[in-house]
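Per-entry structural report
Listed below are the residues making up each chain.
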Amino acid sequence: MPAIAVIGGTGVYDPHLLEDPREEMVVTPYGEVRVFCGKWRGKEVAFLPRHGTAHSVPPHRINYRANIAGLKKLGVRFILATAAVGSLNPQLKPGEFVVVDQFLDFTKRRESTFFDGGPEGVVHVDFTQPYCPELRELLVRAARTLRLPVHDKGTYVCTEGPRFETPAEIKMFQHLGGDLVGMTGVPEVVLAREAEICYATVALVTNFAAGIAPYRLSHEEVVAMMKSKEEELRRLLLQTVYW
Ligand code: HPA
């Protein structure tokens, strides 16, 4: 059983990240999930591309509950998630990695809890440290060992998407203390915590956000930056898993 899973975001779709990946369909109360299981330097690792292998699932349609419940069912105890993000902070530049430590939730219509008034009862989970500090530390150490540009903290703003933001929204997020903006970090991090899985996100800044970048944003630009950093990201994940 894999103890570790990688949830791949935009640009991280290929199950051949793992050696001899095999596909498993995991049935959960929230729907079926396709997970790839394989080896990474001898360790059993699960891989779940959150947008599907062909980027066919938009951020607001991802079945976050099924994904986390499926990984839990497989026995996963640690999740390393990747995220493509826009930057609101001039210090966090395109091409740099950020190991996120806080989030602001601006999502609007997502199933974002396992504690929905059913048999589990009403549960309020502490979110003082939303991301697992031990896993974050490992990611930062791995990036430094590999001499990759990394920031050890950053506040991630999650929007509903799938559209990009307006410059006015970006200005508001900056006033609120946001550093990065993306569309998929929430409720994934919330559900992982509710499922008692240790979870951390490594974000790659693909662009400066709307109104900061002096041009219009495009998904192609985001994918191109992810592509150019694919190998670095793979090495970073590998190094982290290796520890
Ligand atoms: N906004 C939202 N999500 C993103 C961005 C952005 O600028 N870049 C990559 N994902």
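In short, a report on the structure.

Rules used throughout
- Residues numbered from 1 in each chain as written.
- Predicted model: local features only at pLDDT ≥ 70, side-chain atom pairs only at ≥ 80, totals over all residues.
- Heavy atoms only, no water.
- Near = heavy atom within 4 Å.
- Polar contact = N/O pair within 3.5 Å; in protein donor to acceptor, adjacent residues only side chain to side chain.
- Areas by Shrake-Rupley, 256 points an atom, 1.4 Å probe, with all protein chains shown as cover.
- Helix = DSSP H or I, 4+ residues; strand = E, 2+ residues; numbered from the N terminus.
- Nonpolar A, V, L, I, M, F, W, Y, C, P; charged D, E, K, R; others polar.

Examining the site of the ligand
Neighbouring the ligand are Ala84, Val85, Gly86, Phe164, Glu165, Val181, Gly182, Met183, Thr206, Asn207, Leu217 and Val222. With respect to the ligand, the backbone of Ala84 contributes an N or O atom lying 3.2 Å from a nitrogen atom. Notes on the ligand: free accessible area 260 Å², of which the protein chains cover 95%. Listing elements by their share of the shell around the ligand, those giving two or more residues are strand E5 (78-87), strand E10 (180-182) and strand E11 (198-208). Considering each element in turn, the shell around the ligand owes the most residues, three residues, to E5. Taken together, the residues of the shell around the ligand sort by class into seven nonpolar, four polar and one charged.

Details of unusual backbone geometry
With an omega of -5 degrees, the peptide bond running from Gly161 to Pro162 counts as cis. Inspection of the secondary structure assignment puts Pro162 in the loop between strand E9 (155-159) and helix H3 (167-175). The omega angle of the peptide bond from Val186 to Pro187 is 15 degrees, so this bond is cis rather than trans. Mapped onto the elements, Pro187 comes out in helix H4 (residues 185-194). Although it is not a glycine, Arg41 adopts a positive phi angle of roughly 45 degrees. Relative to the elements of secondary structure, Arg41 occurs in the loop between strand E3 (31-40) and strand E4 (43-49). In this structure, Glu196 takes a positive phi of about 60 degrees despite not being glycine. Positionally, Glu196 belongs in the loop between H4 and E11.

These values are about where atoms sit, not about what they do.
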